[in-house]
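# Commentary on secondary and tertiary structure
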Amino acid sequence: VSQWMRMYAMQSLSGNLDVYGIDAAPHNIWLYDHPGTGKIMVLPWDLDFSFAGRRPPNDSLHAESGAPNWNIGKILNRPQNLRLFYGHLQDLIATTFNGTYAGNWFHRFGVLVDQNYTPHISFINDRAHFVTTQLSLRAPSVPYDLTTSGPLDVGAATTATLTGTGWIDVHE
């Protein structure tokens, strides 16, 4: 599920409206049944509407009203999955979906193909700012606090259950 939420987070950030689950476009994904894990992976397809100016930087984070009854909408809107989605939005903005990081790549690719991709940098900065503001409203920051009593002795167990609080940047 985390891989699905990360893919949808990137689709949302890039402004791609032509993909299942972001807007009223029930297509443009491939589902791959990984033989080693048995997990279904979602792969985006047909990304030509990304950064194309068809969605404004202040557009919704996902299809909140356009297709609320789609099965993917039901999956995305489950609280634990929405938290993952928000966490991936925040992580992508902090690492790669920002003008500094992406600007270097847009410059390199622009030189390579003799194109001006500078307007995309403005979109990225504006979209990242809008989404960051939305995240602070939808998922207010909470301090990380581990409440499991310590020291934690798991013995021969391979897993342990920890309790506490954390913001959307705490996962796995």
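You'll find the structure just up there.
One structure accompanies this document, and this report is about it. (Residues numbered from 1 in each chain as written. Predicted model: local features only at pLDDT ≥ 70, side-chain atom pairs only at ≥ 80, totals over all residues. Heavy atoms only, no water.)

### Description of the nonpolar core
How we decide: To form a nonpolar core, buried Ala, Val, Leu, Ile, Met, Phe, Trp, Tyr and Cys residues must be joined to one another through side-chain atoms within 4.5 Å. When a residue's accessible area, from a 1.4 Å probe over protein chains only, is under 20% of the maximum for its type it is buried; when over 50% it is exposed; and in between it is partly exposed. Segments assigned H or I by DSSP are reported as helices when at least four residues long, segments assigned E as strands when at least two residues long, and all are numbered from the N terminus.
With 29 residues, the main nonpolar core has Y8, F85, Y86, L89, F97 and V131 as its most contacted residues. Residue assignment for this core shows that the elements contributing at least two residues are α1 (2-14), α2 (71-76), α3 (79-95), α4 (99-113) and α5 (118-138).

### Here we look at the environment of T118
Condition: Polar contacts, as used here, are pairs of N or O atoms within 3.5 Å; protein pairs need one atom able to donate a hydrogen and one able to accept it. Residues neighboring in sequence count only if both atoms are side-chain atoms.
Its location among the elements puts T118 in helix α5. A residue is classified by how much of its surface remains accessible, and T118, at 47% relative accessible area, is partly exposed. Taking the C-alpha atoms as reference points, T118 and P140, separated by 22 residues in sequence, lie 32 Å from one another. Only 2.7 Å separates the side chain of T118 from the side chain of N116, close enough to count as a polar contact.

### So, unusual backbone geometry
Look at D46: it is not a glycine, yet its phi comes out positive at around 65 degrees. Tracing the backbone through its elements, the reader meets D46 in the loop between β2 (40-44) and α2. Looking at D46, the relative accessible area reads 30%, which means it is partly exposed. Positive phi, close to 55 degrees, is recorded for D114, a residue that is not glycine.

### Some details on the side chain of N16
Looking at the secondary structure, you find N16 in the loop between α1 and β1 (29-33). N16 sits in the buried class, given a relative accessible area of 0%. At 2.5 Å, the side chain of N16 forms a polar contact with the side chain of Q11.

### Observations regarding the environment of S60
Selection criterion: Residues count as neighbours in contact if any of their non-hydrogen atoms are within 4.5 Å of one another.
Tracing the sequence through the fold places S60 in the loop between β2 and α2. Relative accessible area serves as the criterion here: at 27%, S60 is assigned to the partly exposed category. In this structure, the C-alpha to C-alpha distance between S60 and L76, residues 16 residues apart in sequence, is 14 Å. In contact with S60, not counting residues within four places along its chain, are S12, R55 and R127.

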